[in-house]
Each structure stands twice: as structure tokens, then as C-alpha cells.
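Listed below, chain by chain, are the residues.
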Amino acid sequence: MANPLSVTFFARSMTGFAQKTAEIDGFSIVLTLKSVNGKGLDISVKIPSQDFQTLETYIKDRIKSSLARGTVLVSIDLKQTKDIKNMDVGFLENIIKDLKETCQMLNINLTDDKIFDIAMETYKTSQEKDEEKKERIKDTITMLFEQALKEFMESKEKEGEFLIKDIKSRVELLEEYLSKAKESFKEYENASKEKIIEKAKSLSLEEQNPIVVNELMLLLQKLDISEEISRIENHLNHILDIISSEQIEKGKKIEFVAQELHREITTMSNKVPELSRIAVNMKYETDKIKQQSANLE
């Protein structure tokens, strides 16, 4: 079977998380970047307002250039942190007055709390019209994103290393189980031959008798699992080759090979039911490989 790998090229988990925070010009910024499993690459960016629309394109392009698949969510939370004592109370008061008059004209009933919330949002919007301030906030968000992306990728690679180690350990277990299956099969095959020969002797038939020879040939054909064993060995080697290669989307490729591996194990145990106990263990490890590969990018 395959030798242990001395070099393993990068593999990333599809799950990752990073969060960065900052305060600037009376605003707090919380940028969260996280991802979960996905068949393709799906990116969602939650921006604080249309003033920062260009950031969405920038963030999506950066993620597309860094990831192959996964469901990625970027959330940018922008809140005003200035104490209300430092606000322009007169300006806020005028906003509230205008809102109340508008409600009366339109015959709309709003609670004082709701009017205050709308007034605060209006006040906040008016304060954000300072273009220089918006540019500073935008630059800070961009900086936070780059920091978060670096940390995010590192977390994915660290988790990916763990997944790859786990898959390799399960391949090694499968190699051990396959070796046991070969030994058990040989014992069973020999025992089955002996039974035919013993039965022939009881009927006073020589081992070279055509009837006995035919029975032995039929037995060997029925029990022939050499092709299945060879394919299982090839699939295990293929998984290790994928791990050690520089190719991307290792997860998809390993998952496909694991499906084929599971099929060959099933065929082997169907041909020789006496190997079913070993086959159950092999299927369990194969299913685990499939599960872990589904978490790989």
C-alpha cells in the first residue's frame, strides 16, 4: 500500500470565522467574516448603508480570489458611539417637530418612542454626509476586512490540516482492515476447498476427477474478489495522491473517490459474506472520510 506522505500541500476547511472591531469619528465598527459548507461559492455581504456600496464589490472580489467554495457571510455593523450630550439637541428637536407635524398632516399615529427612533436615524444620516468622514470610515472598514480575511484564511487552513490528518489516519485504518480481509479470505478460501475435497473423498472421487476440478473452479470463480481488492487499494492510494497534490477542491475529489471505495467494499462483502464484519468497519471509516471531505474546500 501507499507509504506515509512526507509532504502535504495546503487544504482548507470550508468553515472559518474572524471578527475585527474599531472606533473612528464617533462610530464603532464590527466586521464579522464567517463561512460554512457549500457546494459552490456563495457570498453574502451586509453593508451598513448605500454609502458603502462599493465595498461590497471589493469584498466579494477579494473573497472570490481567495476561496473555491463555501457559503461566506460578511457582516459590517456600524453604530454611532457619541454621547447624546454631545449631539446638536436643537437640530434633533427640529427633526422631531417636523416629524410630528407630518404625522398630523397625514393623520398617522406614532408613539413618541417611534418618532424619536426615526429622528435619531435622520440625525445620524445627516451627520454621515461628511464625505471625508465617510472615506475615513470606508478605509477603516477595508483595513478591518483585510485583517479579518487573513485571520479567517489562517483558521480555515488550520482546520483543514486537522481534517487531512484525520482522513489520512482513516486511510491507514482501511489499509489494516484490507490486510485482515485478505488473510480472512485466504483462510476461508482454503477451508472451502478442503470441504469440497473432503466431500469428494467421501464419494470415493479423486482430487483430479473432472467433477471435483469443476467444483473447485466454480468455487474460485464465485469467491474471486481480486478485482475488488485491487480497486480498493487503488482508491486508497488515489485519496493519498489527492491529499499530497497541489490541486484545488480536494474535498470534492476525495468525496467522489470515497463513494467509489464504498461501492467496492460492498461488492466484496456481497461476494464473500464471511468478510461482512470487516466490511462494516471499512464502510464506517469510508463514511467518515466522506463526511470529513465534505468539510474541505
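Scroll up to find the structure this text is about.
Only a predicted model underlies this, so the values are computations on that prediction, with no experimental measurement involved.

### Section: the packing of aromatic side chains
Step number 1: Evaluation of the coordinates by the stated rule reveals one aromatic pair.
Step number 2: Relative to Phe-145, the ring of Tyr-58 has its centre 6.2 Å away and its plane inclined at 70 degrees; by these criteria the two rings are edge-to-face. One end of the pair, Tyr-58, is in helix α1 (residues 53-64); the other, Phe-145, is in helix α4 (residues 131-202), with 87 residues separating them in the sequence.
Step number 3: Overall, Tyr-58 belongs to the partly exposed group, its relative accessible area being 32%.

### Side note on the pairing of strand β4 (residues 70-80)
Step number 1: As paired strands, strand β2 (residues 27-36) and β4 are joined by ten bridges and run antiparallel to one another. Each bridged residue has a counterpart across the sheet, and for Ser-28 the counterpart in β4 is Lys-79.
Step number 2: The pairing of strand β3 (residues 41-46) with β4 spans six bridges and is parallel. When the sheet's bridge partners are listed, Val-45 is paired in β4 with Val-74.

### A word on the nonpolar core
Step number 1: Within the largest apolar cluster, 31 residues are counted, with the highest numbers of intra-cluster contacts made by Ile-167, Ile-232, Ile-239, Ile-254, Met-268, Met-282 and Ile-289.
Step number 2: Secondary-structure elements contributing two or more residues to this core are α4, α6 (226-244), α7 (250-271) and α8 (276-294).
Step number 3: Ranked by the residues each element gives to this core, the list is headed by α4, at nine residues.
Step number 4: Filtering out sequence-adjacent residues up to four positions away, Ile-254 remains in contact with Ile-167, Ile-239, Ile-242, Ile-243, Ile-289, Ser-293 and Leu-296.

### Topic: the pattern of salt bridges
Step number 1: In this structure the tally under the stated criterion is 17 salt bridges.
Step number 2: Here Arg-170 and Glu-285 are joined by a salt bridge, their closest N and O atoms 2.7 Å apart. Of this pair, Arg-170 sits in helix α4 while Glu-285 sits in helix α8; the two residues are 115 residues apart in sequence, bridging distant segments of the chain. Here Arg-170 matches Glu-285 in class, with each residue buried.
Step number 3: One salt-bridge network, held together by shared partners, links Arg-12, Lys-156 and Glu-297.

### Observations concerning unusual backbone geometry
Step number 1: Of note in the backbone geometry, Asp-25 takes a positive phi value of approximately 50 degrees without being a glycine.
Step number 2: A positive phi angle is found at Asn-107, which is not glycine, with a value near 55 degrees.
Step number 3: Following the sequence through the fold, Asn-107 ends up in the loop between α2 (89-106) and α3 (112-127).
Step number 4: A relative accessible area of 68% places Asn-107 in the exposed class.

### Overview of the environment of Ser-293
Step number 1: Secondary-structure assignment places Ser-293 in helix α8.
Step number 2: Among the residues examined, Ser-293 registers a relative accessible area of 0% and is labelled buried.
Step number 3: Sequence separation between Ser-293 and Lys-253 is 40 residues; the distance between their C-alpha atoms is 8.4 Å.
Step number 4: If we skip the residues at most four places from it in the chain, Ser-293 touches Arg-69, Ile-167, Gly-251, Ile-254 and Glu-255.

### Some thoughts on the packing of α6 against α7
Step number 1: Two elements in contact, α6 and α7, have axes whose closest approach is 9 Å; the angle formed by their N-to-C orientations is 165 degrees. It follows that α6 is roughly antiparallel to α7 by the angle criterion. The way α6 lies across α7 gives a crossing that is left-handed. Side by side, α6 and α7 meet where Glu-228, Ile-229, Arg-231, Ile-232, His-235, Leu-236, His-238, Ile-239, Ile-242 and Ile-243 of the first sit next to Lys-250, Lys-253, Ile-254, Val-257, Glu-260, Leu-261, Glu-264, Ile-265, Thr-267, Met-268 and Lys-271 of the second.

### Re the sheet that holds strand β1 (residues 16-24)
Step number 1: With mixed pairing, the four strands of this open sheet are ordered in space as β1-β2-β4-β3. Each having just a single partner strand, β1 and β3 make up the two edges of the open sheet. On average, each strand axis in the sheet is inclined to that of its neighbour by 10 degrees, with strand direction left out of account.
Step number 2: Its contacts with the sheet put α1 on β2, β3 and β4, and the angle it makes with β3 is roughly 150 degrees.

### A short note on the packing of α7 against α8
Step number 1: Between α7 and α8, the shortest axis-to-axis distance is 9 Å and the interhelical angle comes to 170 degrees. As far as their axial angle goes, α8 and α7 are roughly antiparallel. As for the relative orientation of α7 and α8, their crossing is left-handed in sense. Every residue of α8 that contacts α7 at Gly-251, Ile-254, Glu-255, Ala-258, Gln-259, Leu-261, His-262, Ile-265, Thr-266, Met-268 and Ser-269 is listed here: Ser-276, Ala-279, Met-282, Lys-283, Thr-286, Asp-287, Ile-289, Lys-290, Ser-293 and Ala-294.
Step number 2: Looking at the contact of α7 with α8 residue by residue, the class counts come to nine nonpolar, eight polar and four charged.

Each value, and the rule that gives it
Residues numbered from 1 in each chain as written. Predicted model: local features only at pLDDT ≥ 70, side-chain atom pairs only at ≥ 80, totals over all residues. Heavy atoms only, no water. Phe/Tyr/Trp six-rings, centres within 6.5 Å; stacked < 30°, edge-to-face > 60°. Helix = DSSP H or I, 4+ residues; strand = E, 2+ residues; numbered from the N terminus. Buried < 20%, exposed > 50% of the residue type's maximum accessible area, 1.4 Å probe, protein only. Pairing = 2+ DSSP bridges. Core = buried A, V, L, I, M, F, W, Y, C linked by side-chain atoms within 4.5 Å. Contact = heavy atoms within 4.5 Å. Salt bridge = Lys/Arg side-chain N within 4 Å of Asp/Glu carboxyl O. Axes fitted to C-alpha atoms, helices over the stretch in contact; angles between N-to-C directions. Parallel < 35°, antiparallel > 145°, perpendicular 65-115°, else oblique. Left-handed = near helix turned anticlockwise from the far one by under 90°. Nonpolar A, V, L, I, M, F, W, Y, C, P; charged D, E, K, R; others polar.

Spatial relationships are all this shows, so hold off on functional conclusions.
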